[in-house]
Each structure stands twice: as C-alpha cells, then as structure tokens.
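# Topology and contacts: notes
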Amino acid sequence: MRYIDHHAHMASRTTDDYANMALTGCVAVTEPAFWAGWDRSTPEGFEDYFRQLMEFEPKRAAAAGIQHYTWLGMNPKESDNREISIEVLKRIPKLLEGPTVIGIGEIGLNRVTKNEITTYTEQVELAATLGQMVLIHTPHLEDKLKGTRITIDVLRDFPSLPPGRVLVDHAEEHTIEAILEGGYWAGLTLYPQTKVSAARAVDIIEKYGPERILVAGACDWGPSDPLAVPRFIAEMRRRRHDEALIHRVVFENPFRFLSQSPKFRLPAGVAEAAAAQAG
Ligand SMILES: [Zn+2]
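Structural notes, computed from the coordinates. (Residues numbered from 1 in each chain as written. Predicted model: local features only at pLDDT ≥ 70, side-chain atom pairs only at ≥ 80, totals over all residues.)

Moving on to the sheet that holds strand β1 (residues 3-5). Spatially, the 8 strands line up as an open sheet ordered β1-β2-β3-β4-β5-β6-β7-β8, and their pairing is parallel. The sheet terminates laterally at β1 and β8 (213-216), the two strands that pair on one side only. With direction set aside, neighbouring strand axes in the sheet form an average angle of 25 degrees. Bridging between strand β6 (residues 166-168) and strand β7 (residues 185-189) involves 2 bridges; their strand directions are parallel. Note on β7: the bridge partner recorded for Val168 is Ala186. (Pairing = 2+ DSSP bridges. Helix = DSSP H or I, 4+ residues; strand = E, 2+ residues; numbered from the N terminus. Axes fitted to C-alpha atoms, helices over the stretch in contact; angles between N-to-C directions.)

Time to look at the nonpolar core. Membership of the largest hydrophobic core comes to 78 residues, with the highest contact counts inside it found for Val134, Val166, Leu167, Leu190, Ala201, Val215 and Phe232. Counting residues per element, this core draws most heavily on helix α9 (residues 243-258), which supplies 7 residues. Beyond its immediate stretch of four places on either side in the chain, Val134 contacts Gly103, Ile104, Gly105, Ile107, Val124, Ala127, Arg165 and Val166. (Core = buried A, V, L, I, M, F, W, Y, C linked by C-beta atoms within 7 Å. Buried ≥ 20, exposed ≤ 12 C-beta atoms within 10 Å, placed from the backbone. Contact = placed C-beta atoms within 7 Å.)

Looking now at the packing of helix α3 (residues 82-95) against helix α4 (residues 114-130). Each pair of packed helices can be described by the angle between their axes along with the distance between the axes. It is at 11 Å that the axes of α3 and α4 come closest, and there the two elements cross at 10 degrees. In terms of axis orientation, α3 runs roughly parallel to α4. Of α4, the residues touching α3 (which contributes Arg82, Ser85, Leu89, Ile92 and Pro93) are Asn115, Thr118, Thr119, Glu122, Gln123, Leu126 and Leu130. Its residues placed into classes, the contact of α3 with α4 shows 5 nonpolar, 5 polar and 2 charged. (Parallel < 35°, antiparallel > 145°, perpendicular 65-115°, else oblique. Nonpolar A, V, L, I, M, F, W, Y, C, P; charged D, E, K, R; others polar.)

This is the structure in structure tokens:
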C-alpha cells in the first residue's frame, strides 16, 4: 500500500533507509527541521543544515523514487537560546521561498521554558503573517499535557492562522482530544520502544476514527524506525480493518493536509493509482 510519511528526519538516516521505505510503498516524506543531538553554535550552522534539507535530501530521496519536502524553523530544544533564535528567525522568511519548503516546523516546546514559549510564539506569529502551514512538536513524557495546552493556547491568540493548516504532532491518548477539538490535525508518531506503538495508534484510530489524524515514523538519529508506517499498516490488517480505512490514514489524510501547500505535489497518476489499489 502506498503511503506518505509526514515526519521523517532523513538527514539522520542512510540511503538504504530511503530504499527500504520506497520498497514498502512510501511515495513522499516531509522532513521537519530539528535538533541534531548537539547544539549548533552559530546561525550559519542552522543555514547549512537547512541547505541540506532543501538541496541534498530531495536528491537522495528522488534516487529512491520518493518525493522530499521540508519544514524549516527553530527547533524546540534550541529555541531556548534566544540570542541564536532571533538570528535564525530573521533568515526564515527568505528560506520559505524554496521550492520544496512547505511550512514552518517543527516548532514548539521541549522543557516548556519561558524562552521556548517566546520563540514558539514568534514562529506562530510569523506563520500567521506569512500564511504558512505549521508542524508542531509537543513535549514528550511528563510535560506533554501541560506543553500541549500551552501550545494550543498560543495558537488561539492568532486567529488568522487557520487550525486546519496546523499539525500538532506527537499526540497521545491524553492529548488528542484537545487537538482535534481545536480543529487542528493530530499526528501520531510511532516509536519502536518508547512513546506510541503501532498497537496504541490503532487503538486511537478505533476510538476516534480517522478524521484529521496522521501517522508517521518520526525516524531520527535515536532509536526509531523508518518502516514504522508499514508496521502500523500491518497491525491495522491484523485487526481486519478494511483497506479503504487504512489507505485513508496513511495516504489520503497526509495528502489532503500537505496539499494545502501548492508546492506539495506527487508525480502524475500516483494519487489515483494509490486510490485504485486501496479499492
Ligand atoms: Zn521530529
């Protein structure tokens, strides 16, 4: 079954990972800018990373037959550094003009500090002003509920940013209702060890239905799985969900959300072929 992975940090993965994703049906990925595992020391360091996402990764993906798009922004972890965040944010508007850049992300909160909230608010304001789509990271573990609440409170302060153009990612059982009620898209990111498993994601779909819910692997440099979406598909099939519902979650939903950016395109016939295949 064809699928789109909307949250994949491919810069941290090998070319073999691209090939395996393509073999399991992946036709497109979107890659949010994030923390590299170490703090960058200059705004230029961020620009170099953004160039990797805009120039090198689309080529590597294309060689495997996958379309690659990116989200640019100041990641939650390093957004605590106000000095560097201010400089990076000045450079974002120009970079957003890139042909494969579909919005601002992943932005949001990590430890829910005052600095992080300030940088996050500035980036939401930038998205509202520039009419950009947004991909938001919500904090993991004990800060998730509090962080998600603050994330949504800030979004409400910018009514010119339509909720349907905002994806609140890393949703879990205790945060998904608030996200969906706000009119936002909710992302479930699947991890092999911690956080949401394929089985928990299927439980969530069974409880809330497929409307405005996306699933992704969120693979990065840590323990993670570039084939998490196919494993979700396998779990859906094991529980005998019909192919049309599975297709809705792994292909139609991300396609509908991402196509709000006029830059997001699949090769001619891919969407139609995927629909015919799902029957
Ligand atoms: Zn991420």
